[in-house]
Amino acid sequence: MKFDKLLDQFNKEAWFDYASVALLFPEGDAAIRTSLYRLKKTGRLLELRRGLYAFPERYRKATLTGPSVANALYQPSYLSTLWALSFYGVIPEKTVTYTSVSPRPTKSFENSLGLFSYRSLQPALFAGFVTESIMASPVRIATPEKALLDLMYLEEGEWTEERMESMRFEPGAIALEPFLTAMEGTGIARLQRAAVAWKRYASDVEKGRINV
């Protein structure tokens, strides 16, 4: 397998998969995998996960970003929970791990771009995301309201006003009525109780009884 031919074919792509490489070269599975392994060892190829590759920046013409890779590593998925809440300013901390949700089983990956975590969401709740331009790439990400709903659904325990205060949520970043409607619409009693607590929490922050 010739590196120059691989580069010429894929250097305009952010990433490419093994199936595409196999179509390009006739050597057979074992020879192709050996060549890909050697390219990784010499630093001319990045493996994002098994069967998904990218060129290092010095060879690549396309933009490769953590948020866009988060969408690609495990499909279908969208960025949500802590990463999305940090992105929107709902929580003050910067989140290093790219947190996503998927109707598929819980999974995680680690590569040169970072740690990617995927939490399993029931299919009926796999909604409420948009496509945003993040770092010049289109990225599927939950709306602020859905990111908060996903977090409250996935993390066990009651979401009391005290727990919300400990997270230092910024309620001004959440559209109140759409959020309450979405929480009520799940039909999940724990989330419906959380919606009531959130309404109190947002009111207390607005009136200065809680500082975030």
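For clarity, every value in this text was computed on a predicted model and none was experimentally measured.

Asker: Would you take a moment to explain the packing of aromatic side chains for this structure?
Answerer: How two aromatic rings sit relative to each other is set out by the distance from centre to centre and by the angle between their planes. Under the criterion given, the structure shown has 19 aromatic pairs. Between Tyr78 and Phe126, the ring centres sit 5.0 Å apart and the planes meet at 45 degrees, which makes this aromatic pair tilted. With Tyr78 in strand β4 (residues 78–79) and Phe126 in the loop between β7 (114–120) and β8 (129–134), this residue pair connects regions lying 48 residues apart in the sequence. A relative accessible area of 0% means that Tyr78 is categorised as buried. Ring pairing ties together the aromatic residues Phe3, Phe10, Phe16, Tyr53, Phe55 and Tyr59, which thus form one cluster. One Lys or Arg, Arg44, reaches over the ring of Phe3 and ends 4.9 Å from the middle of that ring. A cation over a ring is seen here: Arg163 above Trp159, with NZ or CZ 3.7 Å from the ring centre.

Asker: Can you walk me through helix α1 (residues 3–10) in this structure?
Answerer: An α-helical turn contains 3.6 residues, so a residue and the one three or four places further along point in the same direction. Considered for burial, the residues of α1 that qualify are Phe3, Leu6, Leu7 and Phe10. Along α1, the residues classed as buried sweep out an arc of 95 degrees about the axis, all on the same side. What points out from α1, more than 90 degrees from its buried face, is the exposed set Asp4 and Asp8. Those residues of α1 that are buried lie in contact with β1 (16–17), α2 (18–24) and α3 (29–41).

Asker: Would you explain the packing of helix α6 (residues 144–154) against helix α9 (residues 189–206) in this entry?
Answerer: The relative placement of two packed helices comes down to the angle between their axes together with the axis-to-axis distance. At a minimum axis separation of 10 Å, α6 and α9 run at an interaxial angle of 125 degrees. In terms of axis orientation, α6 runs oblique to α9. Of the two elements, α6 crosses α9, and the hand of that crossing is right-handed. Residue-level inspection shows Leu148, Leu149, Met152 and Tyr153 of α6 in contact with α9, the latter providing Arg190, Leu191, Ala194 and Trp198.

Asker: Could you clarify how one ought to interpret the side chain of Asn111 in this entry?
Answerer: As for its position among the elements, Asn111 is in strand β6 (residues 107–111). A polar contact is formed between the side chain of Asn111 and the backbone oxygen of Leu48, at a distance of 3.0 Å. Here the side chain of Asn111 touches Leu113 through a polar contact of 2.8 Å, landing on its backbone nitrogen. Contact partners of Asn111, with chain neighbours within four places excluded, come to Glu47, Leu48, Val69, Leu73 and Phe116.

Asker: In this structure, what is going on with the pattern of salt bridges? I would like to understand it.
Answerer: Side chains bearing opposite charge may pair, as long as their charged atoms lie close to each other. The tally for this structure, following the rule as stated, stands at eight salt bridges. When the shortest N-O distance is used, the salt bridge between Arg119 and Glu155 registers 3.1 Å. On the criterion of sequence distance, the pair formed by Arg119 in strand β7 and Glu155 in the loop between α6 and α7 (161–167) is long-range, its members being 36 residues apart. Residue class for Arg119 comes out partly exposed when judged on its relative accessible area of 28%. Given a relative accessible area of 31%, Glu155 falls into the partly exposed group. Measuring nitrogen to oxygen at the nearest pair gives 3.6 Å for the salt bridge that ties Arg200 to Glu161. In this pair, Arg200 is assigned in helix α9 and Glu161 in helix α7, connecting sequence segments 39 residues apart.

Asker: Which parts of the structure should I look at to understand the sheet that holds strand β3 (residues 52–54)?
Answerer: Whether parallel or antiparallel, the strands of a sheet pair through hydrogen bonds between backbone atoms. Read from one edge to the other, the open sheet built from three strands follows the order β1-β3-β2, with strand pairing classed as antiparallel. Across the chains shown, the open sheet's two edge strands, defined by having one partner strand only, are β1 and β2 (46–49). Bridging between β1 and β3 involves two bridges; their strand directions are antiparallel. Looking at β3, one finds that Phe16 is bridged to Tyr53. Across the sheet, helix α4 (residues 66–73) touches β2 and β3, and the angle it forms with β2 is around 55 degrees.

Asker: What should I look at first to understand the environment of Asp17 in this one?
Answerer: Residue placement: Asp17 occurs in strand β1. Residue classification places Asp17 among the partly exposed positions, given a relative accessible area of 32%. Taking C-alpha positions, Asp17 is 9.7 Å from Arg49, a pair spaced 32 residues apart along the chain. Those residues in contact with Asp17, other than ones at most four positions away along the chain, are Gly51, Leu52 and Tyr53.

What counts and what doesn't
- Residues numbered from 1 in each chain as written.
- Predicted model: local features only at pLDDT ≥ 70, side-chain atom pairs only at ≥ 80, totals over all residues.
- Heavy atoms only, no water.
- Phe/Tyr/Trp six-rings, centres within 6.5 Å; stacked < 30°, edge-to-face > 60°.
- Helix = DSSP H or I, 4+ residues; strand = E, 2+ residues; numbered from the N terminus.
- Buried < 20%, exposed > 50% of the residue type's maximum accessible area, 1.4 Å probe, protein only.
- Lys NZ or Arg CZ within 6 Å of the ring centre and 35° of its normal.
- Arc of directions from axis to C-beta.
- Contact = heavy atoms within 4.5 Å.
- Axes fitted to C-alpha atoms, helices over the stretch in contact; angles between N-to-C directions.
- Parallel < 35°, antiparallel > 145°, perpendicular 65-115°, else oblique.
- Left-handed = near helix turned anticlockwise from the far one by under 90°.
- Polar contact = N/O pair within 3.5 Å; in protein donor to acceptor, adjacent residues only side chain to side chain.
- Salt bridge = Lys/Arg side-chain N within 4 Å of Asp/Glu carboxyl O.
- Pairing = 2+ DSSP bridges.

These values are about where atoms sit, not about what they do.
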